[in-house]
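# Observations on chain architecture
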Amino acid sequence: MYFFITTKIDSTPSAIEIAMIQRQRLFTKHRVPALIVTRNYVRDLHKNMQAVGLDDDFLVNMYDYFQGTTDYQGEGLTAASYPRVNGETLELINKNEFDVVQRGIRQKALILNGDGNLDYVNIFNPQGAISRRDYYDTRGFLSVAQYFDQQQNIVLEQHCNLQHEPVLETYFRPNAKKQPVATHQRLLNYHGHDYEFEDWDQLTAFFLDELNNEYGGHGTMIVDRSDAGMNPIVEMTSVARKYEFLHSNFTLDPLDVVNSPIVPYTQIGLDHADQMAGFIMSTKAECEDMTNHIHDIVPTITIPVGSVSEEQLGTMPIDFSERIPGKIIAIARLSVEKQLDQLIKAVAYVHGKYPEATLDIYGYGDSWTGFKEDKKLRTLVDSQQWQSFIKFKGFRTDLTDVYNQAQLMVLTSSYEGFNLGTLESLSHGVPVVAYDIKYGPSEMITDGKNGRLVPANNLLELGKVILSLFEQPKKLALMSEAAYGNSVRFSEAMVWQRWNDQVVQPDIQAMREDHRYGDSIGNLG
């Protein structure tokens, strides 16, 4: 069994999770069993999975696993169906909140989610402070209970099974800044035993071992989100092959791959090189840089993170005359490293000389930064009154219509690991203009044939190149044709061949050797 390890699946999945879903489908298509494994607690996980078309059979979450709710099917719980004792009444506070009142005293507050179902319940002590908060899964059951002290600091968190029995506990205490931090976890009555863990990574390692053993052992762990998996996989005790898939640059300074130190989570793999079967990267250039940096301590493997489906390769090309004249698209998170401010300024320059030029930006802002870059970009557009030709379109799961209408896609990132948006654009016949950065663009774009490569951060040259292409529509149409044709280099068949040759077959051989000589030969990684 192959296990692809990440943190969570959001309703707006990142390129990493999208690539994992595509890979899982590719493995399944070739009858190689694979599961996506998530370790974060997300109470709307299964709703998100439905939104991205991921079936329950192909994903397992750590908390679901221990709670026994992986395959549970249910509907959200409404305020009206929330269980109440005799004498308790519901009072509507607003459209998203009800109070539970008994004898005129507020006992509980029911908070609803965006679907109008129960999200969480605050339970009050006699003084009116929150003593407990119950979180409900979007499938309608009590999932987590949190307990608070008199200062409203969390002290205990219990994950419950469907019988409302705690199965996993996390204990908290305040740090020097009076902020609650987790001290340890306890797994309760798991197959008749209790287990205690010092930290989240120990718990995750135990979970991965249990999962590996459940599927017969000798599995393969591929860590896609390094923070979710690198520490846990080196703490595993069961026999497994272990890889890290690097979706971005491997050095702390992405612009200096020669002198900059390795990123900490990848360094974990180097520090446990005897356990690692390989580092997987999407481009030959990054693979070569990594090899030069670590001197073959761990094998390096090149496999593109994405592929072009047979269905897309067989689709009739869109006639270039049917595309919207001057339509430029960007597929990117609204984050600093994407340098979308440079693209916006370049398009403004082009629009001044070629009024048909417009830009649609597809992507979401980074919530963990307070949407700082998102706000900055929108302020730039508004302050310059460019709203008429530059639009923020948000996240979309299916961009087929967007690709089929665009004449050009532009990438202005300071660095990348590959960039799925570039591959998807080219496969839909959209020429791509990109900064010639590490890594990805130069391995998908042949300069002057299916797009253009521009020196990184050369804003003036970027604007001139875009304008030049719009002023030569016949040349742009030929680039569109070449974009369709060159996409076969990243076909599912070609990408699967690399997975099979460089990962699957070596894993099978290692497993056979394990069975032949016994597990005493050592941890095969």
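Residues numbered from 1 in each chain as written. Predicted model: local features only at pLDDT ≥ 70, side-chain atom pairs only at ≥ 80, totals over all residues. Heavy atoms only, no water.

In terms of helices and strands, the chain carries 16 helices and 23 strands. The globule rule puts the C-alpha radius of gyration for 525 residues at 24 Å, and the 26 Å found for the chain is close to it. The C-alpha extent of the chain, read off along each of the three principal axes, is 75 × 65 × 45 Å. Across the 525 residues that make up the chain, the buried fraction comes to 54%. Considering only contacts within the chain whose residues lie at least 6 apart along the sequence, 56% involve residues at least 24 apart. Summed over all atoms, the accessible surface of the chain reaches about 23,900 Å², with 48% contributed by carbon and sulfur. (Helix = DSSP H or I, 4+ residues; strand = E, 2+ residues; numbered from the N terminus. Rg over C-alpha atoms; globule rule 2.2 N^0.38 Å. Buried < 20%, exposed > 50% of the residue type's maximum accessible area, 1.4 Å probe, protein only. Contact = heavy atoms within 4.5 Å. Areas by Shrake-Rupley, 256 points an atom, 1.4 Å probe, with all protein chains shown as cover.)

Taken together, the side chains of Glu 196, Glu 198, Asp 199 and Glu 235 define an acidic patch exposed on the protein surface. Relative to the helices and strands, Glu 196 is located in strand E13 (residues 193–197). (Patch = residues over 30% accessible without salt bridge, like charges linked within 9 Å, V, L, I, M, F, W, Y side chains within 5 Å. Salt bridge = Lys/Arg side-chain N within 4 Å of Asp/Glu carboxyl O. Lys, Arg positive; Asp, Glu negative; His and termini not counted. Charge placed at Lys NZ, Arg CZ, Asp CG, Glu CD.)

Attention shifts here to the packing of aromatic side chains. Summed over all chains, the structure comprises 22 aromatic pairs. Consider the rings of Tyr 41 and Tyr 63, whose centres lie 5.9 Å apart with planes at 75°: the pair is edge-to-face. Of this pair, Tyr 41 sits in the loop between strand E2 (34–38) and helix H2 (45–51) while Tyr 63 sits in helix H3 (residues 62–67); the two residues are 22 residues apart in sequence, bridging distant segments of the chain. Take Tyr 41: its relative accessible area is 23%, and that puts it in the partly exposed class. When its relative accessible area of 8% is taken as the criterion, Tyr 63 is described as buried. Residues Phe 418 and Phe 490 carry aromatic rings whose centres are separated by 6.0 Å and whose planes lie at 70° to one another, so their mutual orientation is edge-to-face. Residue Phe 418 is found in the loop between strand E21 (408–411) and helix H12 (420–427), and its partner Phe 490 is found in the loop between helix H15 (473–486) and helix H16 (492–517); the two are separated by 72 residues along the sequence. The exposure classification of Phe 418 matches that of Phe 490, with both residues buried. (Phe/Tyr/Trp six-rings, centres within 6.5 Å; stacked < 30°, edge-to-face > 60°.)

Here the focus is the nonpolar core. One recurring pattern in soluble globular proteins: nonpolar side chains tend to sit buried together. Of all hydrophobic cores here, the largest spans 53 residues; its most connected members are Tyr 2, Phe 4, Phe 27, Ile 280, Ile 329, Trp 499 and Val 503. It is helix H1 (residues 15–29) that contributes the most residues to this core, 6 residues altogether. The residues touching Ile 329, leaving out its near neighbours within four places in the chain, are Leu 359, Asp 360, Tyr 362, Val 402, Tyr 403, Ala 406, Leu 408, Met 409, Val 410 and Ser 425. Counting 41 residues, the second-largest nonpolar core is a separate cluster that includes Phe 66, Phe 197, Met 236 and Met 290. (Core = buried A, V, L, I, M, F, W, Y, C linked by side-chain atoms within 4.5 Å.)

With 98% of its residues at a pLDDT of 70 or more, the chain has an overall mean of 94. When the criterion is pLDDT under 50, residues 520–525 qualifies, and its contacts beyond four places in sequence or with other chains add up to 16 contacts. (pLDDT = per-residue confidence, 0-100.)

This part is about the sheet that holds strand E20 (residues 390–394). Read from one edge to the other, the open sheet built from 6 strands follows the order E20-E19-E18-E21-E22-E23, with strand pairing classed as parallel. This sheet does not close on itself; its edge strands, each paired only once, are E20 and strand E23 (451–454). Across this sheet, the average inter-strand angle for adjacent strands is 20°, counted without regard to direction. (Pairing = 2+ DSSP bridges. Axes fitted to C-alpha atoms, helices over the stretch in contact; angles between N-to-C directions.)

Residues of helix H6 (residues 264–271) that are buried include every one of Thr 266, Ile 268, Gly 269 and Leu 270, and no others. Close packing links the buried residues of H6 with helix H5 (226–235), strand E15 (240–246), strand E16 (278–281) and helix H7 (284–294).

The subject of this paragraph is helix H14 (residues 459–470). The terminal C-alpha atoms of H14 lie 17 Å apart, and with 12 residues this matches the ideal 16 Å at 1.5 Å per residue to within 8%. Residues of H14 that are buried in the fold lie against strand E18 (327–331), helix H9 (340–353), E21, strand E22 (432–435), E23 and H15. (Expected span 1.5 Å × (residues − 1).)

Time to look at the sheet that holds strand E1 (residues 2–6). Read across the sheet, 7 strands follow the order E3-E2-E1-E14-E15-E16-E17 without closing on themselves; strand pairing throughout is parallel. What marks the edges here is a single partner per strand, and that holds for strand E3 (59–61) and strand E17 (300–302). Strand-to-strand twist in this sheet, taken as the mean axis angle between neighbours without regard to direction, amounts to 25°. Along the sheet face, H1 touches E1, E2, strand E14 (219–223) and E15 and points at about 170° away from the line of E1.

What follows is about the pairing of E2. If a strand is regular, its side chains alternate between the two faces of the sheet. Counting buried positions along E2 yields 5 of 5 residues, so the element is predominantly enclosed. Residues of E2 alternate between two faces, with Ala 34, Ile 36 and Thr 38 on one and Leu 35 and Val 37 on the opposite face, all of them buried. As paired elements, E1 and E2 share 5 bridges and run parallel to each other. Bridging across to E2, Tyr 2 finds its partner in Ala 34. After leaving E1, the chain enters H1 and then returns to the sheet as E2, a path that is right-handed. Bridge count for E2 against E3 is 3 bridges, and the pairing is parallel. Looking at the pairing, Thr 38 lines up with Asn 61 of E3. (Right-handed = clockwise from strand over helix to strand, strands pointing away.)

With respect to the helices and strands, the residue Glu 416 is situated in the loop between E21 and H12. A polar atom in the side chain of Glu 416 sits 2.7 Å from the side chain of Ser 413. (Polar contact = N/O pair within 3.5 Å; in protein donor to acceptor, adjacent residues only side chain to side chain.)

Here we come to the pattern of salt bridges. Applying the stated criterion across every chain, the model contains 23 salt bridges. Lys 47 is the partner of Asp 115 in a salt bridge, and the nearest nitrogen-oxygen pair spans 2.5 Å. Remark: Lys 47 occurs in helix H2 and Asp 115 occurs in the loop between strand E6 (105–112) and strand E7 (118–124); sequence separation between them is 68 residues. Taking relative accessible area as the criterion, Asp 115 reaches 48% and is therefore assigned partly exposed. Each of Lys 29, Glu 310 and Glu 492 takes part in salt bridges that share partners, so that together they form one network.

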